[in-house]
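Commentary on secondary and tertiary structure
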Amino acid sequence: MVTEDSNNTYDSRPPIFGRTVSSTFPEYFSFKHQPPGNIRTCMIPPVVFWQVLRNLPQLLKLRFFLKKKRKEHAEDDIRVAFYSDNLDEVNGIANNLRHVITYMRSHGYKAALVGSAFNTRPCGVVENGYVILLPRVFSMEQLGYANSELAIPHVRPILRLLKRYPVDIVELETPSPGAWAIAFCAKIAGIKVISHYRTDVPTYTKTLVKAKWMYRYVLMLMQIFYGFTRPVVSPCKDYKNILHNDIKVPLDKIEIIRRGIPLENYSPDFRGKGTWEKFSDLQGKVRFVYVGRISKEKNLPLLRNLWMEFRKKHDDAELMFVGDGWYLEELKKDFASAPEVHFAGVQGGEILAGLYADADFLLFPSTTDTFGNVVVEALASGTPAIVTDKGGPQDIVFEKGCGQVLPADDTAAWLAELEKCMNLRHDEVAYQKVRENAYNRSKDYTLEKAAKAQWEFYKKVYHEAYLGK
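The numbers attached to residues start from 1 for each chain and follow its sequence in the written order. The predicted nature of this model means local features are confined to residues of pLDDT at least 70 and side-chain atom pairs, given and counted, to a pLDDT of 80 or more, with totals for whole chains, interfaces and linings taken over all residues. For side-chain calculations, the full set of non-hydrogen atoms in the structure is used, while hydrogens and water are omitted.

Describing the side chain of Lys 298
In DSSP terms, a helix is any run of H or I states spanning at least four residues, a strand is any run of E spanning at least two, and both are numbered starting from the N terminus. Within the element layout of this structure, Lys 298 appears in the loop between strand 13 (286–291) and helix 9 (300–310). Only protein chains enter the accessibility calculation, which uses a 1.4 Å probe; a residue is then buried when its area is under 20% of its type maximum, exposed when over 50%, and partly exposed in between. Residue class for Lys 298 comes out buried when judged on its relative accessible area of 7%. Lys 298 has contacts with Tyr 204, Tyr 290, Arg 293, Pro 365, Ser 366 and Asp 369, leaving out every residue within four places of it along the chain. The criterion used for residue contact is that any of the two residues' heavy atoms lie within 4.5 Å.

Here's the deal with the packing of aromatic side chains
Two descriptors summarise a pair of aromatic rings, namely the distance from one centre to the other and the angle between the planes of the rings. Each aromatic pair joins two rings of Phe, Tyr and Trp (for Trp, the six-membered one) with centres within 6.5 Å, and gets the label stacked for planes under 30 degrees apart, edge-to-face for over 60, and tilted for any other angle. The full count for this structure, using the stated rule, is 28 aromatic pairs. Residues Phe 225 and Tyr 226 carry aromatic rings whose centres are separated by 5.1 Å and whose planes lie at 85° to one another, so their mutual orientation is edge-to-face. A residue is classified by how much of its surface remains accessible, and Tyr 226, at 0% relative accessible area, is buried. Consider the rings of Phe 321 and Phe 335, whose centres lie 5.9 Å apart with planes at 35°: the pair is tilted. Note that Phe 321 is positioned in strand 14 (residues 317–322) and Phe 335 in the loop between helix 10 (328–334) and strand 15 (341–345), a separation of 14 residues in sequence. By relative accessible area, Phe 335 is classed as buried at 3%. Aromatic rings pair up to connect Phe 49, Trp 180, Phe 184, Tyr 197, Phe 225, Tyr 226, Phe 228 and Tyr 239 into one cluster.

Examining the packing of helix 3 (residues 92–106) against helix 16 (residues 447–467)
Each axis is a line fitted through C-alpha atoms, and for a helix only the stretch in contact is used; angles between axes span 0 to 180 degrees, taken between their N-to-C directions. Between helix 3 and helix 16, whose axes approach to 10 Å, the crossing angle comes to 75°. It follows from the interaxial angle that helix 3 and helix 16 lie roughly perpendicular. Where helix 3 abuts helix 16, its residues His 99, Val 100, Tyr 103 and Met 104 lie against Leu 447, Glu 448, Ala 451, Gln 454 and Trp 455. For this classification, the nonpolar set comprises Ala, Val, Leu, Ile, Met, Phe, Trp, Tyr, Cys and Pro, the charged set comprises Asp, Glu, Lys and Arg, and every other residue, Gly included, is treated as polar. When grouped by side-chain class, the residues that make up the contact of helix 3 with helix 16 number 6 nonpolar, 2 polar and 1 charged. Here is the rule for angles: anything less than 35 degrees is roughly parallel, anything more than 145 is roughly antiparallel, 65 through 115 is roughly perpendicular, and the remaining ranges are oblique.

Remarks on the confidence of the model for the protein
Values of pLDDT, the confidence the predictor places in each residue, fall between 0 and 100. With 96% of its residues at a pLDDT of 70 or more, the protein shows a mean pLDDT of 91. Every residue in residues 1–8 is under pLDDT 50, and counting partners more than four places away or in other chains gives 25 contacts.

Section: the pattern of salt bridges
The term salt bridge refers to a pairing of a side-chain nitrogen on Lys or Arg with a carboxyl oxygen on Asp or Glu at a separation within 4 Å. Under the criterion given, the structure shown has 24 salt bridges. For Asp 11, the salt bridge is made with Arg 121, and the minimal N-O distance between the two is 3.7 Å. Of this pair, Asp 11 sits in the loop between strand 1 (2–3) and strand 2 (21–24) while Arg 121 sits in the loop between strand 4 (110–116) and strand 5 (125–127), placing them 110 residues apart in sequence. For Arg 121, a relative accessible area of 2% puts it in the buried group. Among the charged side chains, a network of salt bridges with common partners joins Asp 11, Arg 13, Asp 88, Arg 98, Arg 121 and Glu 127.

Overview of helix 16
A helix's residues, less one, multiplied by 1.5 Å, set its expected span. In this model, helix 16 (21 residues) spans 29 Å end to end at C-alpha, consistent with the 30 Å of a helix rising 1.5 Å per residue. Three or more residues of helix 16 are buried, namely Leu 447, Ala 450, Ala 451, Gln 454, Trp 455, Phe 457, Tyr 458, Val 461, Tyr 462 and His 463. After helix 16 finishes, the residue Gly 468 shows a positive phi value of roughly 65°.

Quick look at the pairing of strand 16 (residues 361–364)
Judged by which residues are buried, strand 16 turns out to be covered on both faces: Phe 361 and Leu 363 on one side and Leu 362 and Phe 364 on the other are all buried. With 2 bridges joining them, strand 13 and strand 16 adopt parallel strand pairing. By the bridge assignment for strand 16, Phe 288 is matched with Phe 361. Only strands that DSSP links by at least two bridges are regarded as paired with each other. Strand direction decides the pairing type here: strand 16 and strand 17 (residues 385–388), joined by 3 bridges, are parallel. Across the sheet, Leu 363 pairs through a bridge with Ile 386, a residue of strand 17. Place the viewer so that the strands point away; then a crossover is right-handed whenever the path from the first strand over the helix to the second strand goes clockwise. With helix 12 (residues 373–380) bridging strand 16 and the parallel strand 17, this β-α-β connection has right-handed handedness.

What about the sheet that holds strand 17?
Read across the open sheet, the 6 strands follow the order 15-14-13-16-17-18; overall the sheet is parallel. Bordering the open sheet on either side are strand 15 and strand 18 (403–406), each of which pairs with just one other strand. Neighbouring strand axes in the sheet, compared pairwise and without regard to direction, differ in orientation by 25° on average. Pairing geometry for strand 17 and strand 18, over 4 bridges, is parallel. Bridged to Thr 388 within strand 18 is Leu 406.

Comments concerning the side chain of Thr 229
Tracing the backbone through its elements, the reader meets Thr 229 in the loop between helix 7 (212–225) and strand 11 (232–234). Looking at Thr 229, its side chain comes within polar contact range of the main-chain oxygen of Phe 225, at 2.8 Å. Not counting chain neighbours up to four residues away, the residues in contact with Thr 229 comprise Leu 172, Ala 183, Val 193, Ile 194 and Ser 195. N or O atoms within 3.5 Å of each other form a polar contact, as long as, within protein, one can give a hydrogen and the other can take it, and as long as residues adjacent in sequence are counted only when both atoms are side-chain atoms.

Thoughts on helix 15 (residues 428–442)
With 15 residues, helix 15 extends 21 Å from end C-alpha to end C-alpha; this agrees with the ideal 21 Å at 1.5 Å per step. Of the positions making up helix 15, those classed as buried are Tyr 431, Val 434, Arg 435, Asn 437, Ala 438, Arg 441 and Ser 442. Buried residues in helix 15, looked at end-on, bunch into an arc of 160°, giving them a common side. Relevant arc is that of directions from the helix axis to the C-beta atoms, nothing else.

Here we look at unusual backbone geometry
For the bond running from Arg 230 to Pro 231, omega is 0°, close enough to zero to count as cis. Relative to the elements of secondary structure, Pro 231 occurs in the loop between helix 7 and strand 11. Of note in the backbone geometry, Asn 128 takes a positive phi value of approximately 55° without being a glycine. When you line up the elements, Asn 128 lands in the loop between strand 5 and strand 6 (131–134).

Notes on the nonpolar core
Put simply, buried Ala, Val, Leu, Ile, Met, Phe, Trp, Tyr and Cys residues joined by side-chain atoms within 4.5 Å make one nonpolar core. Judged by nonpolar contacts, the single largest core of 59 residues is most densely connected at Phe 288, Trp 307, Phe 321 and Val 375. Apart from the residues lying within four places of it in its own chain, the contact partners of Val 375 are Leu 362, Phe 364, Ala 385, Val 387, Pro 393, Ile 396 and Val 397. Membership of the second largest hydrophobic core comes to 52 residues, among which are Tyr 83, Val 114, Ile 132 and Met 214.

Quick look at the structure:
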């Protein structure tokens, strides 16, 4: 690999907060990045199988090598690799994985984090000394999902890495093309493969892709994928039921493990430091904030309609969107006549922490989040959260006195809740109690608790896979 200090030398995108290129892979052949298209997705299976078959002899050799290595280390000396196709993007999955694996590595857990380099990079890179973004052989933009892609990495660099850093378990974070390739290769190499249900792909497909046959096709692929990557980790009860009922995973093959975030990055102490004022010159308004991808699958049309109705009676409130996405320009046009609606763009570090803390309430109408990192981040900032009754965020907020869970498609219920928020904000004693509840609730989602729970689960998987216990 070649060492490189600049973030931009190997990527045409602007620098991403907290990510620094530490080394690069040699440049490998790759097909031209493809635009989205239903028919183009048919290119994916042949490329996946071509990558596996052309490296089959090396994978079989690796199988014997790893089996020998496994006998040489202690039973509790487990090594886990996490693979996610969209690791080189800005999203909740990528951010959460980077935080969790950083914590694991700093506390003695043998964890590796692997993904595919985004199409704007001419070659694979290593970021921050441990995040391996493999050179891709194929990539295409996701249907109905701008700024995200489906990618297949080169297998040969993976073989070299596994010889240098043998692993016992591979956890796949998304059922995407690269994950299929990694799964097949790991199976042939004799490595236990499990998966984590982080993305509600069928619902995304139904929401974003017009062709109805694509939903059935994707659901079938999901059933196959989670059929041979068990056990499956789910972050909440709602998606455990979906995994069982829709994707046909047996209940005894689903493990609920609570996630964690770096809570030390967020605090009520950031409140009143002037961060919000950098994006708004309004004074004395009740502040509502949405943080996340600006995309329709986050149920943002509901929030748009809700606010347009709410503002008819209120000139004492404002709304800020923090994030970016393909729906952003349309949303800006819809709110062109609403000066109390602001757009802060993608933020990180103390600016993001300040926006959370300065907000009075988080509005998060998504119905497709399996967990809800931004909900915990808001709570850790002392900001109560209003969420829907679908997905993971409801488990965080439900009956904890730190927010409210509302029907996902009931605008009237949301309007009524906004009125309650306005009244609550003007009752300083009651509001401060809710902020205190929010902060205390966030303490259940530390990286320490998440890492310990995950590693105990990996020990169980290791013993069952290799020791028959």
